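# Summary of the model geometry
Each chain, letter by letter, is given below.
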Amino acid sequence: METNIPKHYDPSRENEIYTRWLERGYFRASVNPEKKPYTIMIPPPNVTDKLHVGHAFNNTIQDALIRAKRMQGYEALWVPGTDHAAIATEVQVVKALAKEEINKKDLGREAFLKRVWEWKDLYGGTIISQLKKMGISCDWDRERFTMDEGLSAAVLETFERLYNEGKIYRGERLVNWCVTCQTTISDSEIEHEDGEGTLYHFKYPKSDGSGYIAFATTRPETMLGDTAIAVHPEDERYADDFGTGLIVPLFGESPRKIPLIKDAYVDPEYGTGAVKITPAHDPNDFEVGERHNLPRINIMNDDGTINKNGGKYAGLTREEARNQIIEDMDAQGLFIKKEKITHAKGAHDRCHKVVEPLIKLQWFLRMDELSKPALEAYTSGKLKFHRERYGRIYKHWLEIVRDWCISRQIWWGHRIPAYYCPSGHVTVSKTAPSACTACGSTELTQDEDTLDTWFSSGIWPFSTLGWPDKTPELEYFYPTNVLVTAQEIIFNWVVRMTFMGLKFMGDIPFTDVLIHGTVLDAHGKKMSKSVGNGIDPLEVVEKYGADVLRLAFLNGTAIENDTRFHWERVEFCRNFMNKLWNAARFVLMNATGALQGSLPVSPPLHLPIEDKWILSRVNGLICEVTEKFDSHDLGMATQKIVDFIWDEFCDWYVEIVKPRLRNEETKPQAIGILVRVLTTCLKLLHPVTPFITEDLYLALKPDEETIVRSSWPVYDPALADPAAEKALDNIKEAVRGVRNIRADKQVPPAQKITLIIQPHDRDASELYSQAKAYLASLCNASEAEIRPFDAEPSTVEGAISLVVPGALLYLPLASLIDTEKERARMEKERKRLTQELERIDAKLSNEGYMAKAPANLIAAERGKRGDFAAMLAKVENEIRNAAEE
RNA sequence: GGGAGCAUAGCUCAGUUGGGAGAGCGCAUGCCUUACAAGCAUGAUGCCGUUGGUUCAAGUCCAUCUGUUCCCACCA
């Protein structure tokens, strides 16, 4: 037969197909009262860099879900966009500027922001084009950016409302401060490394002169800010020391008196079990201080020198102060010793100087009231996590949630809409105010700080639909259906979206949260730029096509678990694409000219049993796959389709119908079934591999416009046919038995033999007679001879006999028979069947089992017992016959 | 330190309310059978991490231990 379809699958047409989809607007969604909405908001990728393999995985999942829903008749909206990623992007741009030896401060705020916008345009654009190359079906007309005009307005609106309600306030908070660069730095800019350090041991005298309490510190200069000594509540050693205070003996005439407090934070096993508490210069101490209402004494200027709170040490650098304090303590006999230790040090990744925790005034969002409905949404079951275990992470975090520090000392982001007059009044307004609301002063300066990047991400599910305006989109598409993301941002993002949604929309932003795992490298390590073990998803797309990459992500994986990236897996997926391609090619080669219109869709009643079988199987597949999609189990859904196509459709059904295709009379109906089953498979697979399925669908259905908006296959109870499935199982078992013997006896494929089948009842006779033609071709036999079932059973001289379901099968292979081996084979079969029967009998005679096991299970076991018993009888009969000869 | 996973064939992994252990790769053997060698057929391989418990029945549920990974926080 002739065909111009290439022999191998070639993904190079993907771009062309995608362009066509865009031109025809298949991904657009709009308010449509005729349909139910299904909405996904993309987790906006950061414009810090191009896409990595994690994004590719994340978006493949979303695309599969949205494509399935679109086919199922929903108005499926997937809103795309990108995130400004405040600190992360700023850090990237600062790094890039450093290469040009440009300092951010020298450049100035405005010029710096211009550079960041250029960065954003570059990477934002790259990200979008990469998503498109992956076949992502977002509604691109609705693309948003967290700092575009509309979203920025929504952010300011949110801030103003929360401030007016008293939920946003200013308060002190420790930040990481770099004294060299004179700036706060984020946790992600701190490099932790173990370094040599010195641990100094001191003692503070008790204020009543009755003794001392010893402690140790690596930073003696912070003693100037000490406001307590803490011990573990159950530490007996200090039980008698309460009631009197301690003296910080560094302030000459006016020594500072501080309390001894109990706090479980202290590890009694470590050192003396007593810890100095410096709330203004240590994160842990800050928290201890909060619990005990300790004063916070800031002792340091922004340049790292000691300030006026340091008494006589004021003006010294931190190193100078440290040395002086050791000297002074020693002079008073309060210095015990010093020792070398290794400990973790935090340094700024730019200048490598030690980071100093300092207290700064920050903006906070009060969480107590906001968190309650968010927690309630989960505990009431309204907000569902997949897997459920991720919900526990969400719950746990909300239970221990603290107020959220929303200000950042960086330039890239939404500038805080707070304005200060010279008298220090604060005016908060989403639009720049002309005068101070308190005193009317017109000399207003805006807060220098910007908002935490998650503040804008938190309102993403509704800001993208036009909020604060009451748009029809908001009304129709909100709340969205599913959020697909990774577990590391459950706190940062999922929680924030939930309470923001509840607060401003009065409803949760999504009903289902699908948490997926991380894509690791082949050795199970996290991919990272510095290690250089990353896989570029676009490289895979270039080489194999987007379909293959997507399939590799989903086929057979449990998406909620971490998964390793293996090229072998990619190859397998490529091979499957090729298999599918060739299956369609085979159908098309046979169907030339016959595709349109005339394909008979007979009532299943009159179809041959193999057609009933495949239709029943594909029907069952529809049911399973739809169910798996609904429960977000994409890995299993995909695997079911792949297995069905390769195993049942290609390896069995196609081989079964080949004889019918050679006969012009039986051919059209066979083609009809082939096209029908294959089309169904293409639809089911389309959400996972959109390109190849579109290509083949259009080839098989020339009248159709696209598979993207075709209808999802529907389960049809009338096609379910357990009897046909059982019948074909039996045929398959018989075929496998023959093939096994042929392989075992090393019968050359060229040697065709006749199959002789002796059915043992009418049903079996009918089945094998119907299957006669393909039974022979599947077994590579010249012909299958079916003996009358009611004839007297007689052995066939010089033939190997084989017990198959409902029949005895003879293979005339006289020259190849080894009597001893045959006997052994039969004995082995007898043993196997006997063991099966024993196992079943053990169960059926177990009183507990009979009393408590479900009835259908018992019935099934009984059924199997009957089958095994019949086969055993045949085998034993064969063994007897052989012995008689 | 707080939280959460994972442990099943040589390798990578599935295994849905408990009901006779699966796939891919790899391996062995034979095939270019007129869709596909990116293929077809056949085959071998498992005390389902340890110990105990619940149950008629445990890879599956509970507890324990061992190993391992991740998230958050941190070592005065």
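Below or above, wherever it landed, is the structure these notes cover. None of these values were measured; they are calculated from a predicted model.

## Digging into the pairing of strand 24 (residues 510–516)
When you tally the buried positions in strand 24, you get 6 out of 7 residues, the bulk of the element. Taken together, the 3 bridges between strand 16 (residues 384–386) and strand 24 define a ladder with parallel strand orientation. In the strand pairing of strand 24, His386 is matched with Leu514. The parallel pair strand 23 (residues 480–486) and strand 24, bridged by helix 14 (residues 490–504), forms a crossover whose chirality is right-handed.

## Focus: the protein's contact with RNA strand B
Among the 57 residues in the neighbourhood of RNA strand B, the closest are listed as Tyr270, Val275, Arg585, Glu836 and Lys852. Counting only atoms of RNA strand B within 4 Å of the protein, the fraction found in sugar and phosphate groups is 55%. Ala216 is positioned such that a nitrogen or oxygen atom in its backbone is 3.3 Å from a sugar or linking oxygen of RNA strand B. Take Arg574: an N or O atom from its side chain is 3.1 Å from a base nitrogen of RNA strand B. Only strand 8 (212–217), helix 10 (388–399), helix 17 (567–590), helix 19 (634–661), helix 22 (722–744), helix 25 (819–844), helix 26 (847–852) and helix 27 (855–884) provide two or more residues apiece to the surface near RNA strand B. For the surface near RNA strand B, the element with the most residues is helix 17, which contributes 10 residues. Within the surface near RNA strand B, the residues separate by chemical class into 22 nonpolar, 15 polar and 20 charged.

## Description of the packing of helix 15 (residues 537–544) against helix 16 (residues 546–554)
Contact geometry for helix 15 and helix 16: axes closest at 7 Å, N-to-C directions at 125 degrees. Comparing the axis directions of helix 15 and helix 16 gives the class oblique. Here helix 15 contributes Pro537, Val540, Val541 and Tyr544 to the contact with helix 16, which in turn contributes Ala546, Val548 and Leu549. When the residues that make up the contact of helix 15 with helix 16 are grouped by side-chain class, the tally is 7 nonpolar, no polar and no charged.

Parameters at a glance
Residues numbered from 1 in each chain as written. Chains lettered and ligands numbered in written order. Predicted model: local features only at pLDDT ≥ 70, side-chain atom pairs only at ≥ 80, totals over all residues. Heavy atoms only, no water. Buried < 20%, exposed > 50% of the residue type's maximum accessible area, 1.4 Å probe, protein only. Helix = DSSP H or I, 4+ residues; strand = E, 2+ residues; numbered from the N terminus. Pairing = 2+ DSSP bridges. Right-handed = clockwise from strand over helix to strand, strands pointing away. Near = heavy atom within 4 Å. Polar contact = N/O pair within 3.5 Å; in protein donor to acceptor, adjacent residues only side chain to side chain. Nonpolar A, V, L, I, M, F, W, Y, C, P; charged D, E, K, R; others polar. Axes fitted to C-alpha atoms, helices over the stretch in contact; angles between N-to-C directions. Parallel < 35°, antiparallel > 145°, perpendicular 65-115°, else oblique. Contact = heavy atoms within 4.5 Å.

Geometry only, nothing functional implied.
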